[in-house]
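One-letter residues, chain by chain:
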Amino acid sequence: DRYPRSETLWAGNIVIREADLKSASSEDEIAFILAHEFSHVSNRHVARSNGGFTYIYYLLSFFDVSILEKTSPIIERIKAIDPTQTEFVKHTEFQADLEAFKALCDTYQHGTGAILSLTKIRKIKGDDPQSKTHPTFSERIKRLEAFSNEIGCSIDGELLDKPESIIELSIPSF
């Protein structure tokens with residue numbers, strides 16, 4: 001839990017790790033993380049990914065969370081063997097980033113929190129993706145910077161203070 005790594009599980013459950021919340025210095029950053037994961041749920045990315053591996057992961061989710069932690073890298077390595085799976089996951093990561101960025105722009109009138117969040121994670125974890133199926137953080141940041149120009153949404157806005165409680169957060173809507 002010391003490294004940021006929020007994720008969406010098979011049944012649409014979202015896991016936000018304490019490290020993600022601690023590394024965020026603004027409401028905007030937390031909103032980006034949540035909106036990114038909500039995008040995965042609303043677009044059914046996990047359910048539409050490779051069914052067999054998703055089903056195995058789903059079954060394991062009924063057990064202790066430590067089992068998920070131990071098996072997730074193994075499943076990711078197996079999934080990386082299938083090039084269509086790799087392209088699908090890269091596409092879904094970019095899609096979730098863009099939708100979350102757009103939600104930030106609609107809510108805060110800028111997408112600074114998205115760039116800052118990904119930049120911090122890249123600094124903590126390095127530029128390598130979470131697994132071979134994911135794009136690098138630099139690729140994701142570059143795509144968001146281009147998208148900000150495309151839709152005319154600034155990435156240099158003023159950030160809101162980090163809320164005392166996640167319950168106080170104004171969650172962007174889709």
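Residues numbered from 1 in each chain as written. Predicted model: local features only at pLDDT ≥ 70, side-chain atom pairs only at ≥ 80, totals over all residues. Heavy atoms only, no water.

Caption draft 1: Representation of the confidence of the model for the chain. In this model, the chain carries a mean pLDDT of 77, and residues with pLDDT of at least 70 account for 67%. The least confident element of the chain is helix α4 (residues 51-60), whose mean pLDDT is 51; the most confident is helix α8 (residues 137-151), at 94. (pLDDT = per-residue confidence, 0-100. Helix = DSSP H or I, 4+ residues; strand = E, 2+ residues; numbered from the N terminus.)

Caption draft 2: The arrangement of the packing of aromatic side chains in detail. Counted by the stated rule, this structure contains one aromatic pair. A centroid spacing of 5.9 Å and a plane angle of 65 degrees characterise the contact between Phe-101 and Phe-147, whose relative ring orientation is edge-to-face. A residue pair is termed long-range when its members are at least 10 positions apart, and Phe-101 in helix α6 (residues 83-108) and Phe-147 in helix α8 qualify at 46 residues. Accessibility assignment for this pair places Phe-101 and Phe-147 in one class, buried. Here the guanidinium or amino end of Arg-143 rests over the ring plane of Phe-94, the centre of that ring lying 3.7 Å away. (Phe/Tyr/Trp six-rings, centres within 6.5 Å; stacked < 30°, edge-to-face > 60°. Buried < 20%, exposed > 50% of the residue type's maximum accessible area, 1.4 Å probe, protein only. Lys NZ or Arg CZ within 6 Å of the ring centre and 35° of its normal.)

Caption draft 3: Structural view of the environment of Arg-122. Position of Arg-122 among the secondary structure elements: in helix α7 (residues 112-125). Among the residues examined, Arg-122 registers a relative accessible area of 29% and is labelled partly exposed. Sequence-wise, Arg-122 and Phe-137 are 15 residues apart; in three dimensions their C-alpha atoms are separated by 5.9 Å. Residues within four places of Arg-122 in sequence aside, it is in contact with Asp-127, Phe-137, Ser-138 and Ile-141. (Contact = heavy atoms within 4.5 Å.)

Caption draft 4: Structural context of the side chain of Glu-37. Within the secondary structure layout, Glu-37 lies in helix α2 (residues 27-42). Here Glu-37 sits buried without a salt bridge, and the closest side chain of opposite charge, Arg-140, lies 6.8 Å off (N-O distance). Those residues in contact with Glu-37 that lie beyond four places of it in its chain are Ser-6, Glu-7, Thr-8, Ile-14 and Ile-16. (Lys, Arg positive; Asp, Glu negative; His and termini not counted. Salt bridge = Lys/Arg side-chain N within 4 Å of Asp/Glu carboxyl O.)

Caption draft 5: Looking closely at the nonpolar core. Among the nonpolar cores identified, the biggest contains 18 residues, and Phe-32, Phe-101, Leu-104, Ala-114, Leu-118 and Leu-144 are the most heavily contacted of them. Contributing elements (two or more residues each) for this core: α2, α6, α7 and α8. The element best represented in this core is α6, accounting for six residues. The residues touching Leu-144, leaving out its near neighbours within four places in the chain, are Phe-32, Asp-97, Leu-98, Phe-101, Ala-114, Ile-115 and Leu-118. (Core = buried A, V, L, I, M, F, W, Y, C linked by side-chain atoms within 4.5 Å.)

Caption draft 6: Representation of the packing of α7 against α8 in the model. Orientation of α7 relative to α8, taken along the N-to-C sense of each, is 165 degrees, at an axis distance of 10 Å. Considering their axes alone, α7 and α8 lie roughly antiparallel with respect to each other. Crossing geometry of α7 relative to α8 is assigned as left-handed. Across the interface between the two elements, Ala-114, Ile-115, Leu-118, Thr-119, Ile-121 and Arg-122 of α7 pack against Phe-137, Ser-138, Arg-140, Ile-141, Leu-144 and Glu-145 of α8. (Axes fitted to C-alpha atoms, helices over the stretch in contact; angles between N-to-C directions. Parallel < 35°, antiparallel > 145°, perpendicular 65-115°, else oblique. Left-handed = near helix turned anticlockwise from the far one by under 90°.)

Caption draft 7: Representation of the pattern of salt bridges within the structure. In this structure the tally under the stated criterion is six salt bridges. Between Glu-7 and Arg-17 there is a salt bridge, with the nearest N and O atoms lying 2.5 Å from each other. On the criterion of sequence distance, the pair formed by Glu-7 in strand β1 (residues 7-8) and Arg-17 in the loop between β2 (14-15) and α1 (18-23) is long-range, its members being ten residues apart. In this pair, the class of Glu-7 matches that of Arg-17, namely buried.

Caption draft 8: Focus on the state of the cysteines. Applying the stated criterion to the full structure yields one disulfide. Across the disulfide from Cys-105 sits Cys-153; the S-S distance is 1.9 Å. Residues Cys-105 and Cys-153 share a disulfide whose torsion about the S-S bond is about -100 degrees; that sign makes it left-handed. You can see Cys-105 sitting in helix α6 and its partner Cys-153 sitting in the segment after α8, a full 48 residues away along the chain. (Disulfide = S-S within 2.5 Å.)

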